Amino acid sequence: MKIKITYLNTIFFFKSNNMFFWPLMQDKMTDVALDKTDPAGSLPSTEKEPDDIIEENNQENPPATAAEGEGAAGGVYRYIKGDLFTSEIFKVEIQNLPKYIGFNDLKKFLNKHGINPHKIKLFSKQMFAFVTFKNQEERDKAMKAVHGMQWKSKVLSVRLAKPKADPILKKRKQEEEAEGGQPGAKRIANAVTPLWNVPYEEQLKRKEKEVEGVLQKLTREIGNNNKAMLPWLFLQKEKYNKLCCPLEAIRPSPVQTEYRNKCEFVIGVGADGEDKTVGFRLGKYKGGSCAVVSPAETSHVSSEAKRVVQGFQHFIRTTPYAVYSPETYEGHWRQLTVRTSRIKQTMAIVFFNPQKLQEEEIEELKRNLRQYFTEGEGQESAITSLYFVRMGQRTSAGTEDLPCEHVTGEEWIHEELLGLKFRISPHSFFQTNTPAAEVLYSAVGEWAQLDQDSTVLDVCCGTGTIGISLAKNGIIIALFLSPMIDSNFKCTFSGLTNVEFHCGKAEDVFPTVLNAAVSPNVTAIVDPPRAGLHSKVILAIRRAEHLKRLIYVACNAKAAMNNFTDLCRAVSNRVRGAPFRPVRAMAVDLFPQTMHCETILLFERVDYSSETQTTET
């Protein structure tokens, strides 16, 4: 049997039914703040600089004025230092904007005049916006170009703006007061697993309701953006309780506690005042709290990970190095990431700010780490792979992968999923709940309905777990890999003849591969980051009319709504090719004790010719 499957961000082709696979995992989330944000276990950001996005905010109050602090050099503005990057340094206020514009309108207007903003925060009701730039040159260029310019009968004015006040200095005590003195264990449970005291059946009902709300919105969006689908949409709503497609019963996680195979722990001052505490932060920096609480009483962290945390905390308390402070940018210890597997392998990744330490001091620290976890008290942590990462302050707007220095043990850990064995490196992406991931991928396989003539394109495939699980049945698979994928990944599959590898960004590689697919039965499976697929990928999918079926796996269905809508919208100059329409949806719970879940939607291409023939008959 020969079935072709293609992955965006990696492509595999398999022919053997009995081959044992050892794929290397690709990191779809190269930085803790990027791509698929991992609920109930990710590290709250310690940076002052928000994500580099263009955003609109009509409710947020304007940044603090000088009266609220001691000027840009101190007080609530003391985070601004000349040797650290923050675009708040290069900030302007654009006044007298036209009414009824959105942040996309403002962004396009600025780009039209050769201005490239780093961030935009628009207060449309008050007709002004704050805009930041990457450097003084770009800021000064923008001020000169925009000041006095006319836009929709409005004459714009520009002035320098003060940086946003440091939130932790304004709200340091608000969270403690709001919590009413709750003990740390309960507070951290509320922060990272807000449904910990809700019966699991009720959790599932809430999540299913959330997905139902997404489908209700998609139903409205289809009606607003594709009038030709209205007759079909009317019939669907009659059948499926006002939804555009049937919503199948949510599939629960096989395990509801200690399910996480990856956790990112921050290092800081404990909520009890204890220094060098390893655990979860009670809130985000912008929320005014950097207090850390141990994960000992959390229900979603494995006992293996808790054991590593305890051992590592004991080690750092014996060292002379302080914890890193997001307020002062001083200190060293920053983060501990722990990855575990069902075959009892454990990886620990230590993040350390070297500041101005000499190389000899850092090497000695690494030797002490190695000795502690291999010969000392840390042996009880049972770490099989240990890495050290130098994590300094950001000095540019971009975020690059940080190199991982192997300290001791194996270079990888391994995990078994659906009868396959996967090799996991420090930056690899792998679903954090392995048993529930098997439920998710099995459902995708059921929905794909593949046969011997099938070609599957797996887009944003991470480690290729979905496609590989299909490939073991002899299906041909194309996997699309990130340019940063470990070079050993392809070597691992060098003997597989029904797998293709395509390295590069999905939006760059996918259109070419898609157009080259000649199978009569082409199916795409996409499992993108939280932000969804790049518009180039969506447009390529629409243009390739030989692609008849698309399975979309969304970790945040609300954030993917634009993708869903573009798949279904009417043909236009921008969007070519017959639209898709949703025919099936289901939620799979990968994150018990939280409100997060994965959503699967099956889209099928509209065949207007067959519908016309049916109508005429």
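About the cut-offs
- Residues numbered from 1 in each chain as written.
- Predicted model: local features only at pLDDT ≥ 70, side-chain atom pairs only at ≥ 80, totals over all residues.
- Heavy atoms only, no water.
- UniProt positions renumbered as here; feature names shortened; annotations may be inferred.
- Helix = DSSP H or I, 4+ residues; strand = E, 2+ residues; numbered from the N terminus.
- Buried < 20%, exposed > 50% of the residue type's maximum accessible area, 1.4 Å probe, protein only.
- Phe/Tyr/Trp six-rings, centres within 6.5 Å; stacked < 30°, edge-to-face > 60°.
- Core = buried A, V, L, I, M, F, W, Y, C linked by side-chain atoms within 4.5 Å.
- Contact = heavy atoms within 4.5 Å.
- Pairing = 2+ DSSP bridges.
- Axes fitted to C-alpha atoms, helices over the stretch in contact; angles between N-to-C directions.

Asker: Describe the UniProt feature "binding site: S-adenosyl-L-methionine" (unreviewed entry) in the protein chain, listing the residues and the values that go with them.
Answerer: Under the UniProt annotation, the feature "binding site: S-adenosyl-L-methionine" (unreviewed entry) is placed at Gln431 and Asp527. Over a stretch of 97 residues, the named residues converge on one spot in the fold, their C-alpha atoms separated by at most 11.2 Å. Assignment of secondary structure puts Gln431 in the loop between strand E18 (420-424) and helix H10 (434-448). On the basis of relative accessible area, Gln431 is assigned to the buried category, the value being 5%. On the secondary structure map, Asp527 appears in the loop between strand E22 (521-526) and helix H14 (535-543).

Asker: So what about the UniProt feature "active site" (unreviewed entry) in the protein chain? Which residues, and what values?
Answerer: The UniProt record annotates "active site" (unreviewed entry) at Cys555. You can see Cys555 is positioned in the loop between strand E23 (547-554) and helix H15 (561-568).

Asker: Just give me the short version of the packing of aromatic side chains, but keep the residues and values in it.
Answerer: According to the stated counting rule, one finds 15 aromatic pairs in the structure shown. Geometrically, the ring pair formed by Phe109 and Trp151 is stacked, given 4.1 Å between the ring centres and 10 degrees between the ring planes. Within this pair, whereas Phe109 is found in helix H1 (residues 103-112), its partner Trp151 is found in strand E6 (residues 150-151), the two being separated by 42 residues in sequence. Note on Phe109: relative accessible area 8%, which makes it buried.

Asker: Let's hear about the nonpolar core: which residues, and what values?
Answerer: If you look at the biggest cluster of nonpolar residues, it comprises 38 residues, and the most contacted ones within it are Phe510, Leu533, Ile541, Leu550, Tyr552, Phe564 and Phe603. Apart from residues lying up to four places away in sequence, Phe603 is in contact with Lys548, Arg549, Leu550, Tyr552, Phe564, Leu567, Cys568, Phe580, Arg581 and Pro582. Of all hydrophobic cores here, the second largest spans 35 residues; its members include Val192, Val293, Ile362 and Phe388.

Asker: Requested: an account of the sheet that holds strand E14 (residues 346-352), with residues and values cited.
Answerer: As summarised here, the arrangement of the seven strands in space is E12-E11-E10-E13-E14-E15-E16, forming an open sheet in which the pairing is mixed. Either end of the sheet is taken by a strand with one partner, and the two such strands are strand E12 (292-293) and strand E16 (404-409). Bridge analysis of strand E13 (residues 333-340) against E14 gives seven bridges, and the strand direction is antiparallel. From the neighbouring strand, Trp333 faces E14, where its bridge partner is Phe352. Sheet strands in contact with helix H9 (residues 359-374) are E13, E14, strand E15 (385-390) and E16, and its direction is about 160 degrees off that of E15.

Asker: Explain unusual backbone geometry residue by residue, including any values.
Answerer: The backbone of Lys152 sits at a positive phi, close to 50 degrees, despite the residue not being glycine. In this fold, Lys152 is placed in the loop between E6 and strand E7 (154-155). For Lys276, which is not glycine, the phi dihedral falls at a positive 55 degrees. Of note, Lys276 is situated in the loop between strand E10 (262-268) and strand E11 (277-281).

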